[in-house]
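# Geometric and topological summary
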Amino acid sequence: MATGRTHRPATRSRGIPEATVARLPLYLRALTALSERSVPTVSSEELAAAAGVNSAKLRKDFSYLGSYGTRGVGYDVEYLVYQISRELGLTQDWPVVIVGIGNLGAALANYGGFASRGFRVAALIDADPAMAGKPVAGIAVQHTDELEQIIQDNGVSIGVIATPAGAAQQVCDRLVAAGVTSILNFAPTVLTVPDGVDVRKVDLSIELQILAFHEQRKAGEETGQGGPEATEGLEGEGATPAPPARGTAATTDRKGPDGDVPAVMPA
């Protein structure tokens, strides 16, 4: 079976915008659900609603793929599943290594959606000697000393980093030096990589902070206090805002960026 090192998807060479590429997995997920229900065709409006975008944007995205629906009929679900899967490179086998088998790394290893989406967990790697040989999701954990050999033996081009922040850059450097060209980073830190290496960052704490911001805004609207705009212009230039009350999020004890990250499953 082909591996991720032998073929690269053609999206960039065909000039598909990055924003469109980012929405293709949303369309594929919605289409897969329709396929599982044996739905033969779907309109742009129905598919757009299922994917959470507007129908005009969907039709524009599909035009980059050379796919146009039939008026009065819609899009062929099975054909679109194949077409999008091909563009995303999911019609082949992509071996993946996960580095850092703590709570989050183990949860990722146990995620059953990888295989059905074209990804094979080739190896689990951890720096703790006590973890070596222990089975996680049916795969024996291997020590980081073997990282380079594992990547070479399995033809790995995609690495997942689920280590503490302090170890992430070193792990990233070793992955890149060994030939990995795409990295999914769950560590709460920004990675520095050379040109030609793609990094996707998943920071759960940042997402929660954004949700907290919106919750605070909604609470302010309910009490009639409004958001930050309500106080704009009340403080003089250089004025120092009043400190938050005791017990608010700004003063409560919490773990730093190296603290535990909740184990959650990818969508």
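Cut-offs and rules
Residues numbered from 1 in each chain as written. Predicted model: local features only at pLDDT ≥ 70, side-chain atom pairs only at ≥ 80, totals over all residues. Heavy atoms only, no water. Phe/Tyr/Trp six-rings, centres within 6.5 Å; stacked < 30°, edge-to-face > 60°. Helix = DSSP H or I, 4+ residues; strand = E, 2+ residues; numbered from the N terminus. Buried < 20%, exposed > 50% of the residue type's maximum accessible area, 1.4 Å probe, protein only. Core = buried A, V, L, I, M, F, W, Y, C linked by side-chain atoms within 4.5 Å. Contact = heavy atoms within 4.5 Å. Pairing = 2+ DSSP bridges. Expected span 1.5 Å × (residues − 1). Arc of directions from axis to C-beta.

Attention now goes to the packing of aromatic side chains. Applying the stated criterion across every chain, the model contains 3 aromatic pairs. Geometrically, the ring pair formed by Phe62 and Tyr75 is edge-to-face, given 5.2 Å between the ring centres and 85° between the ring planes. Note that Phe62 is positioned in helix α3 (residues 55-64) and Tyr75 in strand β2 (residues 75-76), a separation of 13 residues in sequence. Each member of the pair Phe62 and Tyr75 is classed as buried. Both rings, one in Tyr111 and one in Phe114, keep their centres 5.1 Å apart while their planes meet at 85°; by these two values the pair is edge-to-face.

Right, let's get into the nonpolar core. Core analysis: the largest hydrophobic core is formed by 23 residues, its most contacted members being Tyr27, Leu31, Val42, Leu47, Leu58, Phe62 and Ile84. When residues of this core are traced back to their parent elements, those giving at least two are α1 (18-36), α2 (44-51), α3 and α4 (77-87). Of all the elements, α1 adds the most residues to this core, at 7 residues. Not counting residues within four places of it along the chain, the set of residues in contact with Leu58 comprises Tyr27, Ser44, Leu47, Ala48, Val53 and Tyr75. Counting residues in hydrophobic clusters, the runner-up holds 19 residues, among them Val97, Leu147, Leu175 and Val180.

Once that is clear, we can look at the pairing of strand β7 (residues 158-161). When a strand is regular, its side chains alternate between the sheet's two faces. Taking every second residue as pointing to the same face, both faces of β7 are buried, with Ile158 and Val160 on one and Gly159 and Ile161 on the other. Relative to β7, strand β3 (residues 94-99) runs parallel, the two being bridged by 4 bridges. Bridging across to β7, Val99 finds its partner in Ile161. For β7 and strand β8 (residues 182-185), the ladder comprises 4 bridges, and the chain directions are parallel. Bridging across to β8, Gly159 finds its partner in Ile183.

To continue, consider the pairing of strand β4 (residues 119-126). Across the 8 residues that make up β4, a large majority, 6, are buried. Bridge analysis of β3 against β4 gives 6 bridges, and the strand direction is parallel. The partner of Val99 across the bridge, within β4, is Ile125. Where β4 lies against strand β6 (residues 139-143), 3 bridges are found, and the strand directions are parallel. Each bridged residue has a counterpart across the sheet, and for Asp126 the counterpart in β6 is His143.

Taking 1.5 Å as the rise per residue, helix α8 (residues 165-178) with 14 residues should run 20 Å; its terminal C-alpha atoms sit 21 Å apart, in good agreement. Of the residues making up α8, those classed as buried are Ala165, Ala168, Val171, Cys172 and Leu175. Down the axis of α8, the sector holding all buried residues measures 110°, keeping them to one side. Those residues of α8 that are exposed and aimed more than 90 degrees away from the buried face are Gly166, Gln170 and Ala177. The elements touched by buried residues of α8 are β3, α7 (147-154), β7 and β8. The positive-phi residue at the C-terminal boundary of α8 is Gly179, with phi of around 115°.

Within α2, burial applies to Ser44, Leu47, Ala48 and Ala51. Buried residues in α2, looked at end-on, bunch into an arc of 100°, giving them a common side. Across α2 from its buried face, at more than 90 degrees, point the exposed residues Ala49 and Ala50. Looking at the buried residues of α2, the elements they touch are α1, β1 (41-42), α3, β2 and α4. Looking one or two residues past α2, Gly52 carries a phi angle of roughly 80°, positive in sign.

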